[in-house]
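Below are the chains, spelled out letter by letter.
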Amino acid sequence: MTQCKARRWRSIAMWLGLTVQPPRRFSSRVCIVLIGVGLSVLGCTYPCPRPGFVGIPEALERSPDFALPLGAEDHQRLLGFLVHGGRRPSRGWSPQDEDPGRLQRIQDTYGPLLVALTQQAPTPEDLRAGTGSLVRLFDDPRWLLAVHDARVETDPAGAFYDLDPERARGLVKGDFVFAFYTRRLMPLVVTAAQVPGLGQGEHTIWALGNEQAGSYTGLVVFRKTFALPIRAE
Amino acid sequence: MDSQQLHRSFLRHLLSLRDDCVQQVRLVSRLCDDALFGDVPAERLFVFLPDLHLLSRAAEAQYRYGFHTIEPGRCVQRQVLLDRLCEAILTFRQQLPAEHSLKTVQLGDFLDLWRENEFAQEDLTALVARILDDNPEARGRLVRTDAASLEPDVLLGNHDLKMLDSSELSHARRAFTYTVGGRRALLVTHGDLFDGLETFLDDDLQEWFLERFGHDVPAQRYKLDRTTAQSEGEMTGSEGSAPTVLAHEEEDLPAVVNIWVTTPSSDGGTLANSHRLLPTALEYAAGLRAGSSSHLDAMGLDSPLPELRLMVVGHSHQARLCLHRDALEPSNTLVFMDCGAWIESAQFGDAVVPSCQIGVLCGGDMRLYQLDPHTGLL
C-alpha cells in the first residue's frame, strides 16, 4: 500500500516536472550497442574464416611456371612479375629501369624468399605448416592452401593431381600466392594427330614433368584475390 | 655496333616496308648529340609508338575521324601498317647482336575510352576487350605476351586512364624511367600532365563533352616542318635542316633536323611556341630532379631523377623535337621529344598524309619518322 502510494506520488511529481524518471540500469539500446561492440572486438581478435584452397588463374594473370631452385634468369623474371604487380614484365625488362624506390619496396618484402628459392627446391619439411623453414618467410606459416589447377586432371594412376597438399600447396606472401608443385608443369604444343579429340591446328596442353621424390620442383605465382584476407593473424 | 650502325640497321627494316605498305619514310626531326648522355656506348635502341586512339568499329563509325578513318568516307588501313611495322621491328630485334637490346614503349592513349560507347552492364575488362576484339592486330602485337608481340611497356594516357582496371591492360603506368648509359636520364610519359587544360578540367567532364559534342569535330592537320631561316648568332628558334624523304639507310643525314631551341632566358610565350607542353614540362623536370613529392606522385614514381635529360611524350599529336639548352648549367638541359600520333594528319609543304609517326632513340641520336601509308591502304 505504501509502495503503491509512493509510485503514484512519484508519477504525479514527474508529470508536474518536479522530478525526472531515473534511468534504467541497462536500457535495451545500451545492451544492443554493447553486444555490437563485443562482436566487433571478437571479429577483430579471432581469425576470420579463411579459404582452404586457391584456384590457379588464367595465363594473363599468373607467372610462368618456374623450375625450382630458381636460376638467375628465372629469379629476374619472377622479380619482374612481382614488381609489375602480378603481370609478366615486357620483353627486355631490366631491374635497372625500375624506379629504385619501388624496386627496394619489393626487395624488402620478397627478397629473402626469392633468395631462399634460388638455393634449393623446398622439401615437404621446408613447407610443413607452422614449423617449416620456408613457410616462416610467408605471412602466416600455419596457413597452407590446397591448390586447384584446372590445367592438370589426373596422374597416371588416375588420382587428381591438384588439391592434394602433398603434391601442390599454396602460401600467401604480401599481395601474392606462391603455389608449389612436386612436379613442374610444362606446356606442350600438340596437334589433333597427336591427341585425338582436339580440333585442327596447334593446341597447348599441360604435362607434368618428372616427379622428384622429396622436393617441390615447380612454382607458379599469382595475385591474391579479394577473397583472401590481406594478412592473416 | 655503335648507335649509328644500330640506327642504320633499324632504318633498313623501316625502308623494307616500302615494298609492301609504306609509300615513303620521312625523317621528321633528328637531334644527334652524344654529349647529352655523356658519350655512352649504345646498348639499347628504343622505339616509341604514340597515340593510337583505338575504338570499336561501332564507336568509330560515330565520329568523323579515328584510327581507321581520315575523314567521313575516306579510310586508311593503319592496322595493316601497324602490323607490318611490328613485324619489321621483331625481325630487327631477332637480328640484334646479344650485347644489344630493343625496348618498345606505347606512349598512352592506346585506346580511346572517352569516345567508346559504354554500356551499363559492361565492366572495364569487357569494354577494353570489345575494342581489342575489333583491333586484333594491335592486341596481337602490343598487348599479348608471346613471340609475335613486341610486348611493349604501355603508358596510361588521359583517354585511357581507366583501362588500369581492366585485366588486359592493368600493367599500364603513368610513367616509365629508363637508364641510358647507367644513368636514369630518360622519362617517358603520355604528356597530359603537362597540359594545363587537361589538368584543370575533370576527366569525366571532358569525356561527357566529347561524347555529346565530339561527333562532328573534324580531324586536325599538323604542320610538322617548322624550319625557318635563322639569322646569324640567334640562339633560339628553329634549328637544323628541313624534314626529308629517306631513300637509303646509308645516306648521310644532318645531325640536326627540324628542331626548336629555347634557353633559360626564353619567356613563357617562346617556350610555348617551341611546344605548348614545354613550360609545364620544364617545371616537372626541375621538380623531378629535386625530388619534389608532388611531381613524383603525379608520375607514380618514388625516387628523384637528378640526371633527367630527355622526356618522351605523345598526347599533342604533333611530332616535334625541342631542345631546352642551358649552357651555364648543362645538367638542366632537357630534350622534349613528342612522337606524334597514329590519328589525324600531318602536313609537309603541300603534302598531307595520314599521321603514322614513331620515335627512335639510340645513344644520343633521337629521330622522329613519318611512315606515309601506301596508296593501296587508302
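Residues numbered from 1 in each chain as written. Chains lettered and ligands numbered in written order. Predicted model: local features only at pLDDT ≥ 70, side-chain atom pairs only at ≥ 80, totals over all residues.

A. Region of the structure containing the overall build of chain A. Along the backbone of chain A there are 4 helices and 8 strands. Along its sequence from the N terminus, chain A presents helices and strands in the succession α-α-β-β-α-α-β-β-β-β-β-β. A fraction of 64% describes how many contacts in chain A between residues 6 or more apart in sequence connect residues 24 or more apart. (Helix = DSSP H or I, 4+ residues; strand = E, 2+ residues; numbered from the N terminus. Contact = placed C-beta atoms within 7 Å.)

B. Structural context of the overall build of chain B. Of the regular secondary structure elements, chain B holds 10 helices and 20 strands. In terms of its C-alpha atoms, chain B occupies a principal-axis envelope of roughly 60 × 50 × 45 Å. Taking all 378 residues of chain B together, 48% fall into the buried category. (Buried ≥ 20, exposed ≤ 12 C-beta atoms within 10 Å, placed from the backbone.)

C. A look at the packing of helix 3 (residues 78-94) of chain B against helix 5 (residues 136-143) of chain B. All names here are of chain B. As a packed pair, helix 3 and helix 5 sit with axes 9 Å apart at the nearest point and diverge in direction by 25 degrees. Between helix 3 and helix 5, the interaxial angle falls into the category roughly parallel. As for how helix 3 packs across helix 5, the hand of that crossing is left-handed. Of the residues in helix 5, those touching helix 3 at Gln 79, Leu 82, Asp 83 and Cys 86 are Glu 137, Ala 138 and Arg 141. (Axes fitted to C-alpha atoms, helices over the stretch in contact; angles between N-to-C directions. Parallel < 35°, antiparallel > 145°, perpendicular 65-115°, else oblique. Left-handed = near helix turned anticlockwise from the far one by under 90°.)

D. Expanded view of the pairing of strand 7 (residues 175-180) of chain B. Residue and element names in this part refer to chain B. The buried fraction of strand 7 is high, at 5 of 6 residues. As defined by bridge partners, strand 7 adjoins strand 8 (residues 183-189) across 5 bridges and the pair is classed as antiparallel. Bridging across to strand 8, Thr 177 finds its partner in Leu 187. (Pairing = 2+ DSSP bridges.)

E. Representation of the interface of chain B and chain A. Between chain B and chain A, the contact holds 17 residues from the first and 14 residues from the second. Mapped onto the side of chain B that touches chain A, the elements with two or more residues apiece are strand 5 (101-106) and strand 7 of chain B.

F. Summary view of the environment of Asp 134 of chain B. All names here are of chain B. With respect to the helices and strands, the residue Asp 134 is situated in the loop between helix 4 (124-133) and helix 5. Taking the number of C-beta atoms within 10 Å as the measure of exposure, Asp 134 has 18 and is therefore partly exposed. Excluding anything up to four places from it in sequence, Asp 134 contacts Ser 56 and Arg 57.

G. Just the pairing of strand 5 (residues 176-181) of chain A, in detail. Residues and elements named next belong to chain A. Among the 6 residues in strand 5, 6 count as buried, and that is most of the element. Of the two faces of strand 5, the one lined by Phe 176, Phe 178 and Phe 180 and the one lined by Val 177, Ala 179 and Tyr 181 are each fully buried. As paired strands, strand 4 (residues 168-173) and strand 5 are joined by 6 bridges and run antiparallel to one another. Residue Arg 169 lies in a different strand from strand 5, and its bridge partner there is Phe 180. Counting the residues in the hairpin turn of strand 4 and strand 5 gives 2 residues, including Gly 174, whose phi is positive at 60 degrees. Summarising the sheet, strand 5 and strand 8 (residues 218-223) pair through 6 bridges and their orientation is antiparallel. Bridging across to strand 8, Phe 176 finds its partner in Arg 223.

H. How the structure looks around helix 3 (residues 72-83) of chain A. Residues and elements named next belong to chain A. For helix 3, which comprises 12 residues, the first-to-last C-alpha distance of 16 Å matches the rise-based estimate of 16 Å (1.5 Å per residue) to within 8%. Among all positions of helix 3, only Asp 74, Leu 78, Leu 79, Gly 80, Phe 81, Leu 82 and Val 83 are buried. Residues of helix 3 that are buried make contact with strand 2 (66-67), helix 4 (100-119), strand 5 and strand 8. Backbone geometry just downstream of helix 3 places Gly 85 in the positive-phi region, at approximately 70 degrees. (Expected span 1.5 Å × (residues − 1).)

I. Molecular detail of the sheet that holds strand 3 (residues 145-148) of chain A. With mixed pairing, 6 strands are arranged side by side in an open sheet as 1-3-4-5-8-2 (chain A). What marks the edges here is a single partner per strand, and that holds for strand 1 (53-55) and strand 2 of chain A.

J. Spotlight on the confidence of the model for chain B. When pLDDT is averaged along chain B, the result is 92; 99% of the residues meet or exceed 70. Scored by ipTM, the complex comes to 0.77, with pTM at 0.83. (pLDDT = per-residue confidence, 0-100.)

K. Representation of the sheet that holds strand 14 (residues 310-313) of chain B. All names here are of chain B. The strand order 7-8-14-16-15-13-10 describes an open sheet built from 7 strands, whose pairing is mixed. Two strands in the sheet have a free side with no partner beyond their single neighbour: strand 7 and strand 10 (237-239). Put simply, the sheet's adjacent strands are angled 25 degrees from each other on average, direction ignored. In terms of strand pairing, strand 13 (residues 259-262) meets strand 15 (residues 320-324) through 4 bridges, oriented parallel. Paired with Trp 260 across the bridge in strand 15 is Cys 322. Strands in contact with helix 9 (residues 278-290) are strand 8, strand 14, strand 15 and strand 16 (334-338); relative to strand 16, the strand with the most contacts, it is inclined by about 130 degrees.

L. Quick look at unusual backbone geometry. Put simply, Leu 68 of chain A and Pro 69 of chain A share a cis peptide bond, and its omega is 0 degrees. Checked against the element boundaries, Pro 69 of chain A lands in the loop between strand 2 and helix 3. Notably, Asn 258 of chain B is not glycine yet its phi reads approximately 55 degrees, a positive angle. Mapped onto the elements, Asn 258 of chain B comes out in the loop between strand 12 (256-257) and strand 13. Judged by C-beta crowding, with 25 C-beta atoms within 10 Å, Asn 258 of chain B ranks as buried. Phi is positive for Glu 344 of chain B, which is not a glycine, with a value near 65 degrees. For Glu 344 of chain B, a count of 21 C-beta atoms within 10 Å translates into the label buried.

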